[in-house]
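Structural features, examined
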Amino acid sequence: MNSVSGGKVVVLTGGVGGAKLVLGLAQILPPEQIVAIVNTGDDFRHLGLWISPDLDTLLYTLSGKANATQGWGREGETWQFMSALRSLGGEGWFQLGDGDLALHVLRTAALAQGETLSTITQRFGADWNVGVRMLPMSDDPVATHLTTDEGDLPFQRYFVERRCVPRVSSIRFEGAERARAAPGVAQALRDTGTRAILIAPSNPYLSVDPILAIPEIRQALREASAPIVAISPIVGGKAVKGPTAKLMEELGIEVSPAAVAAHYGELLDGMIFDRRDPVGESTLPRLSIDTLMVTLEDRVRVASAALQLADRLAE
Ligand code: FO1
């Protein structure tokens, strides 16, 4: 592999953890050099509106509008719509803030006019001066479903309504086999000018696997000349946020970065481990650092380490 200085850095990402990494990268690289390929398996239609949570988390994060404490939605949000909705007996389990609603209404209208999720996302990014290229993994619908002890649950019913309480026995990505990669996705991965491909510390099973389940994307990753480096979502034997650890236990997988590396298997060239975790038997090239991303400096540190490892692998 040859190190491509000044080349593009492509990130496969889900929600909040991935958005933090991309924000860190955007502090050390010109944003135009960053391409984020975003999970859309969490997307769903709710109250007639098309919701794309991971794309929106990234958009809000990169435009400085994210509610960092909550991990989704906008800072300083108001909730008039939800209270009116509840007063009329509407479903209140999935919260749509007033400002957030604008995005869903415009996206849904544009989709109904025949526009693609890719071009709509590109427009939102341009409107809010986001230089990072944000690409949905696909313009075709892909829906994550979980088989649980409460039956089959679509992703948001499991995640938000049931707060990840049901025990999961399997996960599937409906539509992934037929889905095409969105324009620009396979090209960014295959491009010989790409410097590194990073797998964000997002949930491997719920946020990254839907991306990998699209055949064209998996193939492009296999053929990529750039080094592929994952950042462990497991820190000190636990998940930083969300159901990753609980899910791994339920699926009979050891909760460790080594197990995550094994899950990505041959796709990976290297991995960033947290220094609290044992490296186990893994012979994968790695760097062990503090991977917790609380402050902006933390995000920069993790992004820099991932690039450092990728550049070393490319030498
Ligand atoms: N997460 C919640 O836990 N509760 C919510 O009511 C909720 C609403 C919501 C609305 C728009 C949006 O873009 C995201 C929203 N999320 C909510 C987050 C989202 O369901 C998940 O964080 C992601 O899908 C997982 O990455």
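Preceding this paragraph is the structure being described.
Now for a look at the structure at hand.

The rules behind the values
Residue positions are counted from 1 within each chain, in the order its sequence is given. In keeping with the predicted nature of the model, local features appear solely for residues at pLDDT of at least 70, side-chain atom pairs appear and are counted solely at 80 or more, and the whole-chain, interface and lining totals rest on all residues. To obtain the side-chain values, all non-hydrogen atoms of the structure were used and water was disregarded. For this analysis, a nonpolar core means a set of buried residues of the types Ala, Val, Leu, Ile, Met, Phe, Trp, Tyr and Cys, connected via side-chain atoms within 4.5 Å. Working definition: with a 1.4 Å probe on protein chains only, accessible area under 20% of the residue-type maximum means buried, over 50% means exposed, and in between means partly exposed. Here a strand is any run of E in DSSP of at least two residues, a helix any run of H or I of at least four, and the numbering for each starts at the N terminus. Contacts between residues were defined by any pair of non-hydrogen atoms, one from each residue, lying within 4.5 Å. DSSP-based pairing: two strands are paired if at least 2 bridges between them are found. Convention adopted: a line fitted to C-alpha atoms gives each axis, helices being fitted over their contacting stretch, and angles between N-to-C directions are expressed from 0 to 180 degrees. A pairing counts as a salt bridge when a side-chain nitrogen of Lys or Arg comes within 4 Å of a carboxyl oxygen of Asp or Glu.

**Quick notes on the nonpolar core**
In globular proteins that are soluble, nonpolar side chains generally tend to be buried together. Residues Ile-37, Leu-189, Ile-217, Leu-221 and Leu-268 are the most contacted members of the largest nonpolar core, which totals 52 residues. Among the elements that line this core, the one with the most residues is helix H8 (residues 204-212), at five residues. Residues contacting Leu-268, with those up to four places away along its chain left out, are Ile-199, Ile-228, Val-229, Ala-230, Ala-261 and Leu-284.

**Some details on the sheet that holds strand S6 (residues 143-148)**
Taking strand neighbours across the sheet as the criterion, the three strands line up as S7-S6-S8 in an open arrangement whose pairing is antiparallel. A single partner strand is all that each edge strand has here, and the edge strands are strand S7 (151-154) and strand S8 (168-174). Strand-to-strand twist in this sheet, taken as the mean axis angle between neighbours without regard to direction, amounts to 25°. Of the pairings in the sheet, the one linking S6 to S8 comprises six bridges and is antiparallel in character. Bridging across to S8, Leu-146 finds its partner in Ile-171.

**A short note on the pattern of salt bridges**
Counted by the stated rule, this structure contains 16 salt bridges. In this structure, Arg-180 engages Glu-216 in a salt bridge whose closest nitrogen and oxygen atoms are separated by 2.9 Å. Placement of the pair is Arg-180 in the loop between S8 and helix H7 (185-190) and Glu-216 in helix H9 (residues 215-223), with a sequence separation of 36 residues. Taking relative accessible area as the criterion, Arg-180 reaches 53% and is therefore assigned exposed. Taking the relative accessible area as the measure of exposure, Glu-216 reaches 25% and is therefore partly exposed. The residue Asp-290 makes a salt bridge to Arg-275 at a minimum N-O spacing of 3.7 Å. Taken as a pair, Asp-290 in the loop between strand S14 (286-289) and helix H12 (296-314) and Arg-275 in the loop between strand S13 (270-274) and S14 lie far apart in primary sequence, 15 residues in all. Accessibility expressed as a relative area gives 53% for Arg-275, which makes it exposed. A single salt-bridge network, built from bridges that share partners, covers Asp-274, Arg-275, Arg-276, Asp-290, Asp-298 and Arg-301.

**Here we look at the sheet that holds strand S1 (residues 8-13)**
Ordered in space as S5-S2-S1-S9-S10-S13-S14, the seven strands form an open sheet in which the pairing is parallel. This sheet does not close on itself; its edge strands, each paired only once, are strand S5 (133-136) and S14. Strand-to-strand twist in this sheet, taken as the mean axis angle between neighbours without regard to direction, amounts to 20°. The pairing of S1 with strand S9 (residues 194-199) spans five bridges and is classified as parallel. Within the sheet, the bridge partner assigned to Val-10 lies in S9 and is Ile-197. In this fold helix H2 (residues 53-62) packs onto strand S2 (34-38) and S5, with an angle of close to 170° to the strand it touches most, S5.

**Focus on unusual backbone geometry**
The backbone of Leu-47 shows a phi angle near 55°, a positive value even though the residue is not glycine. If you trace the backbone, Leu-47 turns up in the loop between strand S3 (44-46) and strand S4 (49-51). The phi dihedral of Arg-163 falls on the positive side, at around 50°, and the residue is not glycine. Here Arg-163 is to be found in the loop between helix H6 (155-161) and S8.

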